[in-house]
Amino acid sequence: MERSSELFARAKEVLPGGVNSPVRAYRAVGMTPRFISRADGAYIWDADGRKYIDYVCSWGPMILGHNHPIIREAVQKAVMDGLSFGAPTQREVEIAELMIRMVPNVEMVRMVNSGTEAVMSALRLARGATGRDKIIKFEGCYHGHSDCMLVKAGSSAMDGGCPDSAGVPAGTAKDTLMAQYNDLTSVQQLFDENPKQVACVIVEPVAANMGVVGPNPGFLQGLRDICDREGALLIFDEVITGFRLAKGGAQEYFGVRADIVTFGKIIGGGMPVGAYCGSRELMEHVAPCGPVYQAGTLAGNPVAMAAGLAQLSYLDTHPEVYTAIAASAEKLAQGMRQAAQETHAPVQINQVGSLVAPFFTPDSVQSFSGAKRSDLKKYASYFGNMLDRGIYLAPAQFEAMFVSAAHTRADLEQTVAAAKSVFESL
Ligand SMILES: *Cc1c(COP(=O)(O)O)cnc(C)c1O
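Residues numbered from 1 in each chain as written. Predicted model: local features only at pLDDT ≥ 70, side-chain atom pairs only at ≥ 80, totals over all residues. Heavy atoms only, no water.

A. Quick peek at the overall build of the protein chain. A count of helices and strands for the protein chain gives 15 helices and 14 strands. Radius of gyration (C-alpha) of the protein chain: 21 Å, near the 22 Å computed for a compact globule of 426 residues. Taking the principal axes of the C-alpha coordinates as reference, the protein chain spans close to 55 × 55 × 45 Å. Here the protein chain holds 426 residues, and the buried ones make up 55% of them. For the protein chain, restricting intrachain contacts to residue pairs at least 6 apart in sequence, the fraction spanning at least 24 positions comes to 71%. As displayed, the protein chain has an accessible area near 17400 Å², and 51% of this comes from carbon and sulfur atoms. (Helix = DSSP H or I, 4+ residues; strand = E, 2+ residues; numbered from the N terminus. Rg over C-alpha atoms; globule rule 2.2 N^0.38 Å. Buried < 20%, exposed > 50% of the residue type's maximum accessible area, 1.4 Å probe, protein only. Contact = heavy atoms within 4.5 Å. Areas by Shrake-Rupley, 256 points an atom, 1.4 Å probe, with all protein chains shown as cover.)

B. Seen up close, the packing of helix H3 (residues 90-102) against helix H11 (residues 302-317). Interhelical geometry of H3 versus H11 gives an angle of 30° and a closest axis separation of 9 Å. Our classification of the angle between H3 and H11 gives roughly parallel. When you trace H3 past H11, the crossing you get is left-handed. Counting all contacts with H3, which are made through Arg 91, Glu 92, Glu 94, Ile 95, Leu 98, Met 99, Arg 101 and Met 102, the residues of H11 involved are Pro 302, Met 305, Ala 306, Gly 308, Leu 309, Leu 312, Ser 313, Leu 315 and Asp 316. (Axes fitted to C-alpha atoms, helices over the stretch in contact; angles between N-to-C directions. Parallel < 35°, antiparallel > 145°, perpendicular 65-115°, else oblique. Left-handed = near helix turned anticlockwise from the far one by under 90°.)

C. Quick look at the packing of aromatic side chains. Per the stated rule, a full pass over the model turns up 13 aromatic pairs. Ring geometry for Tyr 253 against Phe 254: centres 4.9 Å apart, planes inclined by 85°, an arrangement best described as edge-to-face. A network of ring pairs unites the aromatic residues Phe 360, Tyr 379, Tyr 382 and Phe 423 as a single cluster. Against the face of Trp 45 rests Arg 38, its NZ or CZ located 3.9 Å from the ring centre. The residue whose ring lies beneath Lys 51 is Tyr 43, and the NZ or CZ to ring-centre distance is 4.2 Å. (Phe/Tyr/Trp six-rings, centres within 6.5 Å; stacked < 30°, edge-to-face > 60°. Lys NZ or Arg CZ within 6 Å of the ring centre and 35° of its normal.)

D. Layout of the pattern of salt bridges. Here the structure, examined in full by the defined rule, presents 16 salt bridges. Two residues, Arg 224 and Asp 228, come together in a salt bridge whose shortest N-O distance is 2.7 Å. Note that Arg 224 and Asp 228 are positioned in helix H8 (residues 219-230) at a spacing of 4 residues, about one turn of the helix. According to the relative accessible area criterion, Arg 224 is buried, its value standing at 4%. A relative accessible area of 45% means that Asp 228 is categorised as partly exposed. Among the ionic pairs, Arg 257 bridges to Asp 259, the shortest N-O distance being 3.2 Å. Judged by relative accessible area, Asp 259 falls into the buried class, the value being 13%. (Salt bridge = Lys/Arg side-chain N within 4 Å of Asp/Glu carboxyl O.)

E. Spotlight on unusual backbone geometry. Of the consecutive residues Ala 287 and Pro 288, the connecting peptide bond is found in the cis state with omega at 10°. Following the sequence through the fold, Pro 288 ends up in the loop between helix H10 (280-283) and H11. With a phi angle near 50°, Cys 57 is a residue other than glycine that sits in the positive phi range. Under the relative-accessibility criterion, Cys 57 is labelled buried at 2%. Phi is positive for Trp 59, close to 70°, though the residue is something other than glycine.

F. Examining the site of the ligand more closely. Neighbouring the ligand are Ser 114, Gly 115, Thr 116, Tyr 142, His 143, Gly 144, Glu 204, Asn 209, Asp 237, Val 239, Ile 240 and Lys 265. At 3.4 Å, a backbone N or O of Tyr 142 approaches a nitrogen atom of the ligand. With respect to the ligand, the side chain of Asn 209 contributes an N or O atom lying 3.1 Å from an oxygen atom. (Near = heavy atom within 4 Å. Polar contact = N/O pair within 3.5 Å; in protein donor to acceptor, adjacent residues only side chain to side chain.)

G. View of the sheet that holds strand E1 (residues 36-40). Spatially, E1-E2-E3-E13 is the arrangement adopted by the 4 strands of the open sheet, whose pairing is mixed. Edge positions in the sheet fall to E1 and strand E13 (391-392), since each has one partner strand and no second. Pairing of strand E2 (residues 43-46) with strand E3 (residues 51-54) involves 3 bridges; the strand directions are antiparallel. Of the residues in E3, the one forming a bridge with Tyr 43 is Ile 53. (Pairing = 2+ DSSP bridges.)

H. Structural detail: the environment of Met 31. With respect to the helices, strands and loops of the structure, Met 31 is situated in the loop between helix H1 (2-14) and E1. The partly exposed category is assigned to Met 31, whose relative accessible area is 26%. The spatial distance from the C-alpha of Met 31 to the C-alpha of Glu 139 is 28 Å, given a sequence separation of 108 residues.

I. Structural detail: helix H15 (residues 409-425). With 17 residues, H15 extends 25 Å between its outermost C-alpha atoms, agreeing within 8% with the 24 Å of an ideal straight helix rising 1.5 Å per residue. Among the residues of H15, those classed as buried are Asp 411, Leu 412, Thr 415, Val 416, Ala 418, Ala 419, Val 422 and Phe 423. Down the axis of H15, the buried set is contained in an arc of 165°. They therefore lie on one face. Opposite its buried face, H15 presents the exposed residues Arg 409 and Glu 424, each directed more than 90 degrees away. (Expected span 1.5 Å × (residues − 1). Arc of directions from axis to C-beta.)

Okay, here's the thing in structure tokens:
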């Protein structure tokens, strides 16, 4: 802890809150963050040399585990040829071709540098293509930090108690309409109140920034039907679920078609990459083909593309990864459920594919209001005690546990055993 504390003291002098992204400051759990010095496979080491089993996995990108040789070697090779050219390269074509092969209903791709940028651009495209201004999002879903998405946002926007950020103009916020996840009536009502004004509905197909809450049967198809009826576009924000639930993401996993899909996290293999994609007809609204302007100095960066291409190619050729990580997550969830039962702890464990989240409430959680009933003090105590036992979890309730291909049976068993002893003390 000594080295982490020293570094954090220095960091707080020069970075707001000592960090470059709020959740890392551990404020939601009232602790001092561990500075991380390296990672390999399922493990990370902090600046004081402590080793942890890592379930943050850089918030999702490290689906194959840290420091995977395939990705590392692709990056090392790319670096030798230069870091950035600001000109087209072969790898951009290859990764787009691969994505189009892997993901249903995608004919064209535009690469950007983050999930935030992908969503921001996708919304501009939806507005440009429909000529409508309003957008529907769901309370507690997180779509990055662009102005119009920082209204009732999930993830770390919740932890600081500012789901509605300061600095978002009222004029911008008024075009973001708020529906309830897993509640189609709330969506239809907004369309009824705003006839022919809604450009799109944006949703996390699995809500993974309020803990983890899966879609009820029929919810996503219901969104598809409403959008078709109302002439609006459906955007799946697959920054977490993309290339994670299945090769083709949530569209494949749930069998529901989206008009625009946004990616981030896994797509960069640990490098800063995002993308938005859709049909040729829709994507040709984007400059230089069409009037929706969007550009990027470092977009399609050759080193980032090398990392992303290596990871996606591996996933494409190793579909067994998907069955393996889902089975691991299920084993983890079942183990934790049993631990909760045996210790009489009021804990719910939600799991969809390789995403897992505990909620400290006696009631099952299928909505944002359900997620908010979790006892945050208990989460903080659970987090600190798990960390002491060498398990590195998200330092906030409204996040997911990410299970990677590198987590072994022994890692999962150690995690369940740690959870059981922590549940006992809650
Ligand atoms: C992380 C996340 C984003 C934002 O991506 P950044 O790369 O952090 O900008 C957007 N949408 C979802 C669903 C996310 O989980």
